[in-house]
Amino acid sequence: MSRLWTEKSLLFSESSQTPKDFVTRVLSPRVAVVSSADADAVCRTSNFPTFLDLIKPFGERIEGKVTVRDSQNLPNPIEGFAVRFADLAHLEQPNTQLTSKLLADKVKQYAKDTNLLNDHQPIASKTDVTERYLKAIKYEITPWYAEYCRLFFTLNGVSEHESFEHPVACIIAISTSNPDPINTLNQLFNANTPAPIYEKGFMDPNILKYYVLLHDDHKVSLEHSKAVYEKTKRTFGLHCHLIKLNSILPTTPLDNDDPFSVSSSAVLIRSTNPDIWTSSINESNLLQSLISSSVSPSNLESRHRHNTVPSNETYSLPLSPTASTLDSPTSSYNEDIQFGKDRENLVFESQNSMGFGLVGDLPPPVVLYGQYLSEEDFQGIQVFLRELVVQSIVPYMERNVQLWNEQVASSRRGFTGKLFSASRRYFGTGSKSSGQIQPYQASSVEKHGAQNSFNVLYPHTAPEAQMRRLADFAFMLRDYRFAYSVYDTVKKDFQADKAWKYYAGAQEMMGLCLLLSPSPIGNKVDVDHYFEQAVNAFSNRAKALFFATKATILYYEMLKYRNLYKDAPTALVRISGEDSDLRSALFLEQAAHAFLRGPRPLVRKYAFHLILAGHRYGKCNQREHAYRCYLAASHVFENRSWLLVEDHINFTLGRQSFHMDDLDHALHFFLKLLRESRQPTSQQTAYLREFLYIYKHCLNKSGKEAIFNPLDLPIPVINDSSVRVVLSNSHSNEYDETWHAMEQELIEDYKGMDIYSKTKKRLFPTSKENPEIVCAVGEPFFVQLDLYNPMQIQISVTDLILECEYESLPNLSENLSHRVDELEGATQIQESRFNSHEAFELETISEIPLEGSEKRKLSLRVTPKKEGMIKILGIHYSLNSVVPGLRKFSKKGKRLNETKEHRMNTLYAHDRSLELLITSPMPLLEVAFHSFPEMLLSGEVTPVVLEVNNKGQTGMTDLQVKMSHPSFFCVGNSEMLEKTVYDSELDVVESPNSEIFTEKLIIRNQLFNSSIMNIPLPPRENTDANKPLFMLAPGKTTLIPIWIRGDRIGKHMFRFLFTYQSEDENAAMKYRSLRYFVTTQVLPSLKINAFTRPSTSGLNEFILGIEAENLQHSADFQLTQISSISPAWSISPINMINGDNHNSKLLIAPRQTIFTYYRISKLENIHNVDGLKPEQFSKKALQRILSGNDTSKVEPSPIELVVTNLPFTKRIITNISKPLEGFSVNSRVQWRINTLINQFPAVSPKLHQEIFTLYTTNDVDLSLYWNIPNLQRQGHHYIIGINLGLQQNPFQVKDLLSITPPNRALFEQTFRERTLLINSLLKNKHFKDESPLKLSLKCADIHHHDFWTKCLCVLPIIILIKNCSWSKHVNFNLELLSFDENALVRSVSQKSLHTNIFHWTGTTYKYGLLSPKEEFKIVAKACFTQPGIYDLNRWRLTVDLDATGTSEGSLISNTEGKKVGYVQMPNTPHLLTLLDSNAPE
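Residues numbered from 1 in each chain as written. Predicted model: local features only at pLDDT ≥ 70, side-chain atom pairs only at ≥ 80, totals over all residues. Heavy atoms only, no water.

## A few points about the overall build of the chain
Spelled out, the test is: Helical segments are the DSSP runs of H or I of at least four residues, strand segments are the runs of E of at least two, and each set is numbered from the N terminus. Each residue gets one of three labels from its accessible area relative to the maximum for its type: buried under 20%, exposed over 50%, partly exposed in between, using a 1.4 Å probe on protein chains only. Should any heavy atoms of two residues lie within 4.5 Å, those residues are counted as being in contact. Surface exposure here means Shrake-Rupley accessible area, sampled with a 1.4 Å probe, where a residue is shielded only by the protein chains that are shown.
Counting secondary structure elements, the chain contains 41 helices and 50 strands. Within the span of the chain, comprising 1481 residues, buried residues form 53% of the whole. A separation of at least 24 residues holds for 78% of the contacts in the chain among residues at least 6 apart in sequence. Of the accessible surface of the chain, which amounts to about 68,200 Å², a share of 50% is contributed by carbon and sulfur atoms.

As structure tokens, this is what we get:
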């Protein structure tokens, strides 16, 4: 039975009770206990100090339900009814300073339990507010606050304004062995001579008295005890009870009643009863020790009751020597005591002497309480408590409620009572029943902050006091509605009498009644208003902060019970004043947690209030709690860019950690302050100074140096992306998209033979996926990095030196292809890590001062001494010559994006930009451009000199350069250093334009990569058959002329990628490369436009018009020469320019435009080297590709170019030598490649060289030369790509569709892709469908005829028809139209021209078949009747194409099955002027 009761009742601990249970328990009925010395002796047999200590735990929860009746006489069963027991002599609160000390130590005791601090996950966002956190109660999250509340109400004493602490009954206990039990019971509680607490008048001494007799089986017999019990009942009535104790007889004699002398058998028997007394007795002993230490030794004797019965004179209560018995708990409650150095000297000797060290470090000794109590004894105590409550206390309270309600409350609520109260209040000070309102002067403690104030004291017989007690009794009996009505009635009297303490208490209880009532709350604002008024009245008017705190705790508990957490922070912050830091800290912390339990978690407000709580914890010397609060708030504010908040948190955490002697965490938090922030310089200086002080303190404590990892030393900031390795020739090995593209193109362009007819070595440049740096032995390289001081104060970085690692690579020269695998599998030889430098030399920088916010680039030199691998790991340095640090470099490689896993995750390749492969000595290239222009005019040509130096240790050979702008440059050789740009190798002519000068040039008609050029090197001095013929020896220099031409307008950055190799074989590095760039601004000069139209003079003749506009504002441009470059066309002037106006015709003034016209004629007897036209080569090359044949070894035939020079001055500029020949070819290549990419997007650019040629048959390029006489500037412009032939697609249907695809296509993988390629070639939008035939008429422009002699004039008209196609056979039909037929189809231009009518005679219809390039001649006759102007263009030509290409002339159809044909009509007139020879002049 006792075991069951223990599980259900005694083990109903605070951790399992609800907030409502807590409120009802602390406001439950209080029962005073007084016991005689012999009764306490009976209890001491089982190690209980007093009878009160024996029964006190049983009052926490009465077994079973207790049925009470409310004001309506209705039963109300109550589960968990409780009573509180207190010593009659200790009803008041002890000294407030000592109780504050006890509360502070209790709170601090929990801070040492780190497990309680780490049970829950840190809260950084709303997602961290988990269900587990929300279901946790205050005892799990903040057990120190729960202990504070429990102890707070334990230390609560009686007060005049409420009766919850007034005892409703008194238990008087004696032993049955007492010689005079009746007299002893009368003297223990004598109503005529009450205790001093009753002398104040506000406590009613007429309370229920309950008499208890204790039977000790060890001393008297049971029959004797029963006889005494019967006698007592006859004397005092039914309120008596006999309790049997010590039913277990000891097996061994006791040693002078020593509580610590316990027999082994007793231990075994006692183990069946639960231990419910230890914590309560220890706490009581601690309280007694605090009380004993607060009184003087002279009064100590009178403080304790002896075995004799106390008299009235010996009654003494534990009151503070500085405060009255009434005032100390009500007006002088102040926890804000100073905790300085003297705080540690407050030692309670009595506590240590008693051995109950709840606050100290020594644990109390183990005492077996109730060792002689049997289960029957245990159960008997429960029965006693239940009978006490059910049969005595509850009926007593019910009777008083009924009595006071009938006698006092009802009359006060009526109209007469209200009228009497008002008249007494305003017209007199008559008596109130049997008592008066007694004003009393505040004590010295109360006067602090409330000078010249007095409070109102109601005697217990006053109607107001009785109504208050009535309401309190109803509240304790759970009749909350009735209690609310009484509180509401009496508060008006309190307010009228200005009894603010009474008024505040009534307001408090009204709010509690509403919150505890089972009915829903109608208006939540009213409830908060009640508590706000109560707290304000307690704090400001009554100066009773203790009861303001009590009201806030109860209000907060009921808000939690009602789940109204959103209203809790307001109530908790309201009482957080400056009078008590501990109380404010606890309430602010609870407010923070309340923000998380509202309808929507407010995480930032939670963190803000935690910071406020931590600040108040720090002020009251609760460092552990302050640290915990700030640490919890740091999780919310970190990584939110709220720098000032983070600085405050980290600074506080660092200081608290230092004071708690946690130096590691102190350093950790202070390191976070060394960063960029908006703090003033003085504050940042303080941060750094305290950090250095803590570090020195840590060194003195540990006695050894400490090296921090990269996260521990945040200043100076070293950005990993800024760390790079720079070789000694300033070659940046850092990966760049543009440089990488140039390197890849350089690799793909290699064909295996160099300019010396030697087999080229395969390039090994930097890879995009696996960057690699190669350096030779003896060549220093530099590690560059950026140091940044984010703070606003100066710091000093000293003793900077790199940390490197050397690894030897076995068999490096034998198997280079597996170098990476060997590196991973090779044994790492740690020959050099910061101290030993056998494989390299390291540079050390002694000191670098960094001003506030200064960023400085640092370069550290490393010189390798041995072949192998050197890894740059990090850098060592010291901060202000005090704190050593190591900053490890951590760079990321390329973002991986090849597989699905790579794309779904953020993965990076391994970075090798800080790993260097050290090889044998190599040549080292150094270049420099001399006289490189910063500004050029468009088309201007100027020479520069390239200086090439070999700074290495071996000879340099095979020097090439890859250019980003090849059309801008032309490279010469060393013999051409003195050559002028526009030199003439022909004789000087006497007069300009007297004749045309022609040059011929045979070139390879193949596309090539013009961006890669060879740099000629000087010949080798000592001829060696195994060595290259051309080489630049170590330490030697050569000069190379390079001409630059402004090809395009704008600002250009020219990139030069130089590659070269060593004269000796090097397995690790076959080629070395050097990157170089320079910028130039190209300004506009001339704007050139060209246009052509067919000439009426013949079929193979065009008129060329050139428009030249001067875009400059001040310079005059003089045109000097025009040249044409073409395989089949030449240029000639239309009319010779007269020498008198020569300069005016060719001089272009600023912002002026001139037009010049020339004739372009087809050359006769065009000679091909092997007779294969460029168009035929392209067709056959595409056929080979589609059929799967290899075309890499087939090259087009060389082509002969005719260069026609038309000079405008006495000097002729030749175009067949450098640099002009190089410029023209490079410009032609660039234009041709760009055109092919646009015309044939389906053809890969890699196949352009195998399919297409550089020139086609009818291509014409023009060069227009100019100079600026005043500025000594010369240049020329190119007009590239004028095609005067038929715009015919070289790829025909019959040629492409007749090709049988191979079993495995080399160009495309599938037949569908092959078909798409063919369609893209056949249906090319850049080739317009047009007739391949051209027709022209030949006759004299003016003809004379004698119309008087012959009235009709018949003239022969020669009609020429030519097939301009090089591959198509054409059927034609020619119709000579009559005037009427021609009138219907005339063009607009012909209709606007009014000419005379003539007639065709003879045959007017011709047809025929023309082969490619065939010409057909027809002689027609025209008949004229009168002189005049006639338009001879009256014809219609119908053209049908023959796609078979055979001579049979069968008609063809296109891919859709339709015939391909054209109808040609003249669009310009051909005029004939016919004159009469006999007409008068």
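## Some points on the pattern of salt bridges
Two side chains carrying opposite charge are able to pair once their charged atoms lie near each other. Note the cut-off: Definition used for salt bridges: Asp or Glu carboxyl oxygen within 4 Å of a side-chain nitrogen of Lys or Arg.
Tallying each qualifying case throughout the model produces 46 salt bridges. Across the salt bridge formed by Arg-628 and Glu-589, the nearest N and O atoms sit 2.5 Å from each other. Taken together, the residues span a long stretch of sequence, with Arg-628 in helix H27 (residues 623–637) and Glu-589 in helix H25 (residues 581–596) at a distance of 39 residues. Exposure class is identical for Arg-628 and Glu-589. Each is buried. Taken together, the salt bridges that share partners define one network made up of Glu-162, Arg-468, Asp-472, Glu-508 and Lys-550.

## Side note on the sheet that holds strand S6 (residues 208–216)
Going by this rule: Two strands pair if DSSP finds at least two bridges between them. Axis angles are defined between N-to-C directions and span 0 to 180 degrees, where every axis is a line fitted to C-alpha atoms and, for a helix, only to the segment in contact.
Spatially, the five strands line up as an open sheet ordered S4-S1-S5-S6-S7, and their pairing is parallel. Edge positions in the sheet fall to strand S4 (84–87) and strand S7 (240–245), since each of these pairs with one other strand and no more. Each strand of the sheet is rotated relative to its neighbour by a mean of 30 degrees, with strand direction disregarded. Pairing of strand S1 (residues 30–35) with strand S5 (residues 167–175) involves six bridges; the strand directions are parallel.

## Concerning the sheet that holds strand S24 (residues 956–963)
On the basis of which strands lie adjacent, the open sheet formed by five strands has the order S22-S30-S29-S24-S27 and mixed pairing. Of all the strands in the sheet, the pair left with one neighbour each is strand S22 (935–937) and strand S27 (1012–1014). With direction set aside, neighbouring strand axes in the sheet form an average angle of 35 degrees.

## So, the environment of Gly-893
Structurally, the position occupied by Gly-893 is in the loop between strand S19 (883–888) and helix H33 (900–904). The spacing of Gly-893 and Arg-912 is 19 residues in sequence and 7.6 Å in space, taken between C-alpha atoms. Excluding its chain neighbours within four sequence positions, the residues that come into contact with Gly-893 are Tyr-908, Ala-909, His-910 and Asp-911.

## Examining the nonpolar core
For clarity, the cut-off: For the purposes of this section, nonpolar cores are sets of buried Ala, Val, Leu, Ile, Met, Phe, Trp, Tyr and Cys residues that join through side-chain atoms within 4.5 Å.
Core analysis: the biggest nonpolar cluster contains 181 residues, and Phe-51, Ile-171 and Phe-475 have the highest contact counts within it. If you tally residues by element for this core, the top one is helix H17 (residues 375–413), at 13 residues. Setting aside anything within four residues of it in sequence, one finds Phe-51 in contact with Val-33, Ser-35, Asp-40, Cys-43, Ile-171, Ala-173, Val-212, Leu-214 and Ile-243. Core analysis: the next-biggest nonpolar cluster, separate from the first, contains 57 residues, Val-777, Leu-802, Leu-879 and Leu-916 among them.

## Quick notes on the packing of helix H9 (residues 143–154) against helix H23 (residues 545–561)
The description of two packed helices rests on the angle between their axes and on the distance between the axes. Definition in use: An angle below 35 degrees is read as roughly parallel, one above 145 as roughly antiparallel, one from 65 to 115 as roughly perpendicular, and any other as oblique. Should the near helix be turned counterclockwise from the far one by less than a right angle, the crossing is left-handed, whereas a clockwise turn marks it as right-handed. Residues are grouped as follows: Ala, Val, Leu, Ile, Met, Phe, Trp, Tyr, Cys and Pro are nonpolar; Asp, Glu, Lys and Arg are charged; every other residue, Gly included, is polar.
Axis separation between H9 and H23 bottoms out at 11 Å; the angle between their running directions is 130 degrees. Classified by the interaxial angle, the pair formed by H9 and H23 is oblique. Remark: the crossing between H9 and H23 carries left-handed chirality. Residues Tyr-145, Tyr-148, Cys-149, Phe-152 and Phe-153 of H9 touch H23, and the partners they reach there are Phe-546, Thr-549, Lys-550, Ile-553, Leu-554, Tyr-556 and Glu-557. Of the residues in the contact of H9 with H23, the class split is nine nonpolar, one polar and two charged.

## Quick look at the packing of aromatic side chains
Any two aromatic rings considered together are summarised by their centre-to-centre distance and by the angle between their planes. As a reminder of what qualifies: For this analysis, a ring pair means two rings from Phe, Tyr or Trp (six-membered ring only for Trp) whose centres lie within 6.5 Å, classed as stacked if their planes differ by under 30 degrees, edge-to-face if by over 60, and tilted for the remaining angles.
Counted according to the given criterion, the structure contains 49 aromatic pairs. Judged by centre distance (6.3 Å) and plane angle (25 degrees), the ring pair of Phe-1056 and Phe-1058 falls under stacked. Across the pair, Phe-1058 and Phe-1056 agree in class, each one buried. Grouped by ring-pair contacts, the aromatic residues Phe-929, Phe-932, Phe-968, Phe-969, Phe-1054, Phe-1056, Phe-1058 and Tyr-1076 constitute a single cluster.

## A few points about unusual backbone geometry
One can expect most non-glycine residues to show negative phi and most peptide bonds to be in trans. Each neighbour pair has its own omega, and for Ile-715 with Pro-716 the value is -10 degrees, a cis peptide bond. In this chain, Lys-1218 is followed by Pro-1219 through a cis amide linkage whose omega measures 5 degrees. Within the secondary structure layout, Pro-1219 lies in the loop between strand S37 (1199–1207) and helix H36 (1220–1239). Even without a glycine there, the phi angle at Arg-1151 is positive, about 60 degrees. Locating Arg-1151 in the fold gives a position in the loop between strand S35 (1147–1148) and strand S36 (1153–1162). By relative accessible area, Arg-1151 is classed as partly exposed at 43%.

## Notes on the confidence of the model for the chain
Note the cut-off: Residue-level confidence of the predictor is what pLDDT reports, using numbers from 0 through 100.
For the chain, the mean per-residue pLDDT works out to 79, and 76% of the residues sit at or above 70. Throughout residues 1–13 the model reports pLDDT below 50, and contacts reaching past four residues in sequence, or to other chains, amount to 25 contacts. Per-residue pLDDT stays below 50 along residues 1443–1458; that stretch engages in 27 contacts with residues further than four places along the chain or on separate chains.

## Re the pairing of strand S28 (residues 1037–1045)
In terms of burial, S28 is a largely internal element, seven of the nine residues being buried. Pairing analysis gives nine bridges linking strand S23 (residues 941–950) to S28, with the strands arranged antiparallel. Residue pairing across strands places Val-945 opposite Pro-1041, the latter belonging to S28. Two strands pair when backbone bridges link them, and strand S25 (residues 969–971) and S28 are joined in this way by three bridges, in the antiparallel orientation. Paired with Cys-970 across the strands is Trp-1043, a residue of S28.

## Considerations on helix H10 (residues 181–188)
The cut-off we apply is this: Arc definition: it is the arc formed by the directions from the helix axis to the C-beta atoms.
Those residues of H10 lying buried are Pro-181, Ile-182, Thr-184, Leu-185 and Leu-188. Burial along H10 is one-sided: seen end-on, the buried residues are contained in an arc of 165 degrees. The elements touched by buried residues of H10 are S1, S5, S6 and helix H11 (222–236).

## Quick notes on a positive patch on the surface
Put simply, the rule is: What goes into a patch is any residue over 30% in relative accessible area without a salt bridge, connected to like charges within 9 Å or, for nonpolar side chains (Val, Leu, Ile, Met, Phe, Trp, Tyr), within 5 Å. Charged-residue counts in this description rest on Lys and Arg as positive and Asp and Glu as negative, His and the chain ends being excluded. Here the site of a charge means NZ on Lys, CZ on Arg, CG on Asp, or CD on Glu.
Where like charges cluster on the molecular surface, the positive patch consists of Lys-126, Arg-600, Arg-604, Lys-605 and Arg-640. By the element assignment, Arg-604 lies in helix H26 (residues 603–619). Owing to a relative accessible area of 52%, Arg-604 belongs among the exposed residues under this scheme.

## Re the packing of helix H29 (residues 663–673) against helix H30 (residues 681–702)
For the pair H29 and H30, interaxial distance at closest approach is 10 Å and the crossing angle is 155 degrees. Classified by the angle between their axes, H29 and H30 sit roughly antiparallel to one another. The crossing of H29 and H30 is left-handed. The residues of H30 that touch H29, namely those facing Leu-663, Ala-666, Leu-667, Phe-670, Leu-671 and Leu-673, are Tyr-687, Glu-690, Phe-691, Ile-694, Tyr-695, His-697, Cys-698 and Lys-701. Here the residues of the contact of H29 with H30 sort into eleven nonpolar, one polar and two charged.

## Observations regarding H23
Going by this rule: In this analysis, the expected span of each helix is defined as 1.5 Å times one less than the number of residues it contains.
Its 17 residues place the ends of H23 24 Å apart at the C-alpha level, agreeing with the 24 Å of an ideal helix rising 1.5 Å per residue. Phi turns positive one or two residues past the end of H23, at Asn-563, with a value near 60 degrees.

## Remarks on the environment of Leu-916
With respect to the helices, strands and loops of the structure, Leu-916 is situated in strand S20 (residues 915–919). Owing to a relative accessible area of 0%, Leu-916 belongs among the buried residues under this scheme. Sequence-wise, Leu-916 and Val-725 are 191 residues apart; in three dimensions their C-alpha atoms are separated by 8.8 Å. For Leu-916, the contacting residues outside a window of four places in its chain are Val-725, Leu-727, Ile-773, Cys-775, Phe-781, Gly-868, Met-869, Ile-870 and Ile-872.

## Examining the side chain of Ser-722
To keep it simple, the criterion reads: Polar contacts here mean pairs of N or O atoms no more than 3.5 Å apart (in protein, one a potential hydrogen donor and the other a potential acceptor; neighbouring residues in sequence count only if both atoms are side-chain atoms).
Within the element layout of this structure, Ser-722 appears in the loop between strand S10 (717–718) and strand S11 (724–727). On the basis of relative accessibility, which here comes to 13%, the residue Ser-722 falls in the buried class. Separated by 2.6 Å, the side chain of Ser-722 and the backbone oxygen of Asn-719 make a polar contact. Once residues within four sequence positions are removed from consideration, Ser-722 is found in contact with Gln-784, Leu-785 and Asp-786.

## Description of the side chain of Glu-940
Its location among the elements puts Glu-940 in the loop between S22 and S23. One polar contact links Glu-940 to Arg-1273, side chain to side chain, over a distance of 2.7 Å. Aside from chain neighbours lying at most four places away, what touches Glu-940 is Ile-1044, Arg-1045, Gly-1046, Trp-1266, Arg-1273, Gln-1274 and Gly-1275.

## Looking at the pairing of strand S17 (residues 855–864)
Sheet topology places strand S13 (residues 781–788) next to S17; eight bridges connect them, and they run antiparallel. When the bridges of S17 are listed, Val-783 appears paired with Leu-860. Bridge analysis of strand S15 (residues 840–842) against S17 gives three bridges, and the strand direction is antiparallel. Along S17, the bridge assignment pairs Phe-840 with Pro-864.

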